[in-house]
Amino acid sequence: MKSPNWNRIVIKVGSALIAPERNGCSSHYLLSVASFIVRCRRQGIQVVLVSSGSVAAGSHLFRKSKNTSGHDKKAMAAAGQTEMMATWDRLFDFSSAQILLTDEDLRDRERFVNIRNTIDSLLENDILPIVNENDTITTDRVKVGDNDNLSAMVATSVQADTLIICSDIDGLFDSNPQLNANASLISEVRDINEQVYAMAGGATSAVGTGGMRTKIEAAEKAVSHGVTTYIVNGFDQRSFDMLIQGKNPGTLFHPHQTPLQESKHWVRHTTKALGEIVVDDEFSLSPKQSVDSLSSSDLIDVVGEFSVGDVVLLRTDSGEKIAKAKTNYSSCLLDFVAQQGDASLNQKIDGTPKPILSNKFSAIMEAQ
Ligand code: GLU
């Protein structure tokens with residue numbers, strides 16, 4: 001029997017599988033996921049589980065009210081997270097470890113690398129890392145928001161070779177299978193383009209926050225890091241039987257042959273731009289496509305407040321996105337340069353070995 005050629009995988013399980021009735025956790029659908037994880041581990045494959053379900057698992061503990069506030073949801077997540085972890089724990093005869101992350105942890109380079117080191121250590125000791133967003137403390141400004149994207153960020157952080165995203169349907173269809181009986185399953189995707197996003201539509205799950213669109217976003221993040229990605233039906237035991245035999249039960253997204261360099265991938269797909277540096281419409285990067293070519297006299301405006309080391313968007317006055325990059329200067333200083341045009345300050349900035357934007361931590365945006 002063929003077996004998959006994986007070393008380290010991330011599997012993402014959503015709220016609908018964990019708390020299908022939104023009434024506490026149920027192991028009904030988790031048994032086949034758990035047995036898949038056990039089978040992988042027996043074959044020497046390292047597994048990281050990204051599990052949603054804290055809010056869905058905790059909501060039954062709260063008095064019913066028509067107006068559930070943001071704080072109630074955070075409290076549900078706090079109560080539900082332990083229930084979710086306990087449910088997984090009961091299904092395994094090895095230890096698991098809880099890792100709760102926020103968007104801020106992922107977009108801080110040091111913490112991002114820490115996450116990898118911690119997960120490496122857990123895996124080396126045969127402990128199953130179970131990751132979720134730390135919903136109790138996130139705010140709208142600092143949250144990933146859905147575990148599909150989170151799972152792709154985790155997969156790139158831990159340098160997994162494969163990401164498996166469980167869905168409530170068989171994979172990506174060419175139209176919404178709930179509305180169109182003739183919709184057909186797309187079994188392989190080599191290029192995630194607008195057409196692929198159009199097929200994903202706005203389909204959302206009734207229980208979680210993700211939908212097909214966030215799964216495609218996750219696949220896009222993962223494949224550009226060289227991570228093979230599958231969207232499979234997590235409700236169907238056969239999906240896992242096929243995966244373990246090296247077969248594709250759903251939609252397979254092929255990884256890029258030349259993945260983005262790790263530091264550039266992190267800037268492009270994991271960080272959020274905290275401000276903008278605006279240049280003239282005529283501005284273009286050097287032929288090497290390096291942000292090094294940005295000089296202080298190119299700046300015409302600075303938007304937002306940012307500090308040294310934050311990631312910013314470099315864009316033209318008419319809104320064309322050029323690059324995302326770590327800045328070596330604060331918004332306060334760059335704004336002064338853009339507005340005042342102080343020659344000695346310009347000379348100082350352009351004369352230092354530190355360019356305005358870090359080339360190592362930069363990612364050129366594709367043409368829109
Ligand atoms: N982190 C959320 C939870 O545990 C789920 C987010 C999602 O559904 O993708 O409830």
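Residues numbered from 1 in each chain as written. Predicted model: local features only at pLDDT ≥ 70, side-chain atom pairs only at ≥ 80, totals over all residues. Heavy atoms only, no water.

**Here we look at the nonpolar core**
As a reminder, the rule being used: Take the buried Ala, Val, Leu, Ile, Met, Phe, Trp, Tyr and Cys residues and link them wherever side-chain atoms come within 4.5 Å; each set so joined is a nonpolar core. Here the term buried applies to any residue with accessible area under 20% of the maximum for its type, exposed to any over 50%, and partly exposed to those in between, with areas from a 1.4 Å probe on protein chains only. We call two residues in contact whenever any of their non-hydrogen atoms come within 4.5 Å of each other.
If you look at the biggest cluster of nonpolar residues, it comprises 44 residues, and the most contacted ones within it are Val10, Val131, Val154, Ile192 and Ile216. For Val131, the residues in contact, after removing those within four places along its chain, are Val48, Leu49, Val50, Ser51, Ile99, Leu101, Ile119, Leu150 and Val154. Within the second largest apolar cluster, 31 residues are counted, among which are Val13, Cys40, Val47 and Leu128.

**Some thoughts on the state of the cysteines**
Among covalent bonds in proteins, the disulfide is the one between the sulfur atoms of two cysteines. For clarity, the threshold we go by: Any pair of cysteine sulfurs within 2.5 Å is marked as a disulfide.
For the structure shown, the criterion picks out zero disulfides. This cysteine, Cys166, is not joined by any disulfide, and Cys40 carries the nearest cysteine sulfur, 11 Å off.

**Examining the packing of aromatic side chains**
Keep this limit in mind: Any two rings among Phe, Tyr and Trp, with Trp reduced to its six-membered ring, count as a pair given centres within 6.5 Å; such a pair is stacked if its planes are under 30 degrees apart, edge-to-face if over 60, and tilted if neither. Helix and strand assignments follow DSSP, with helices taken as H or I runs no shorter than four residues and strands as E runs no shorter than two, numbered in order from the N terminus. The rule for a charge over a ring is simple: NZ of Lys or CZ of Arg within 6 Å of the ring centre, and within 35 degrees of the ring normal.
Within this structure, the stated rule accounts for seven aromatic pairs. Note on Phe112 and Trp266: the rings are 6.2 Å apart at their centroids and 50° apart in plane angle, and the pair reads as tilted. Residue Phe112 is located in helix H6 (residues 109-124), and its partner Trp266 is located in helix H11 (residues 262-269); the two are separated by 154 residues in the primary sequence. There is no split in this pair, since Phe112 and Trp266 are both buried. For the pair Trp266 and Phe361, a centre-to-centre distance of 5.8 Å together with 80° between the ring planes defines the contact as edge-to-face. Taken together, the residues Trp266 in helix H11 and Phe361 in strand E13 (residues 357-364) connect sequence positions 95 residues apart. Of the two residues, Trp266 and Phe361, both sit in the buried class. The aromatic ring of Phe94 is capped on one face by Arg41, whose charged end is 3.6 Å from the ring centroid.

**Points about the pattern of salt bridges**
Filter applied, for reference: In the sections that follow, a salt bridge refers to a side-chain nitrogen of Lys or Arg positioned within 4 Å of a carboxyl oxygen of Asp or Glu.
Going through the model one piece at a time under the given rule, you end up with 13 salt bridges. Residue Asp120 is joined to Arg8 by a salt bridge in which the shortest nitrogen-to-oxygen separation is 2.7 Å. One end of the pair, Asp120, is in helix H6; the other, Arg8, is in strand E1 (residues 8-13), with 112 residues separating them in the sequence. In this structure Arg8 comes out as buried when scored by relative accessible area, which is 13%. Note that Asp236 and Arg238 form a salt bridge whose closest N and O atoms lie 2.8 Å from each other.

**Topic: the sheet that holds strand E9 (residues 276-279)**
Our working rule: Pairing between two strands requires that DSSP report at least two bridges joining them. Axis angles are defined between N-to-C directions and span 0 to 180 degrees, where every axis is a line fitted to C-alpha atoms and, for a helix, only to the segment in contact.
Overall, mixed pairing links the five strands, which are arranged E10-E9-E11-E12-E13 in an open sheet. One side of each edge strand has no neighbouring strand; the edge strands of this open sheet are strand E10 (299-303) and E13. Mean inter-strand twist for the sheet, computed between neighbouring axes without regard to direction, equals 30°. Sheet analysis places E9 next to E10, joined by four bridges and oriented antiparallel. Bridge assignment links Val278 to a residue of E10, and that residue is Asp301.

**Observations regarding the side chain of His269**
Operational definition: Think of a polar contact as two N or O atoms within 3.5 Å of one another; within protein, one of them needs to be a possible hydrogen donor and the other a possible acceptor, and neighboring residues in sequence only count if both atoms come from side chains.
Along the chain, His269 falls in helix H11. On the basis of relative accessible area, His269 is assigned to the buried category, the value being 12%. Looking at His269, its side chain comes within polar contact range of the side chain of Ser224, at 3.2 Å. Once residues lying within four places of it in the same chain are set aside, the contact partners of His269 are Met153, Glu220, Lys221, Ser224 and Leu260.

**Let's talk about helix H10 (residues 237-244)**
Rules: Starting at the helix axis, one direction is taken to each C-beta atom, and the arc is that of these directions.
All of the buried residues along H10 are Ser239, Phe240, Leu243 and Ile244. Mapping the buried residues of H10 onto a view down its axis gives an arc of 125°, with all of them on the same face. Lining the buried residues of H10 we find E1, helix H2 (30-42), strand E5 (162-167) and strand E7 (228-233).

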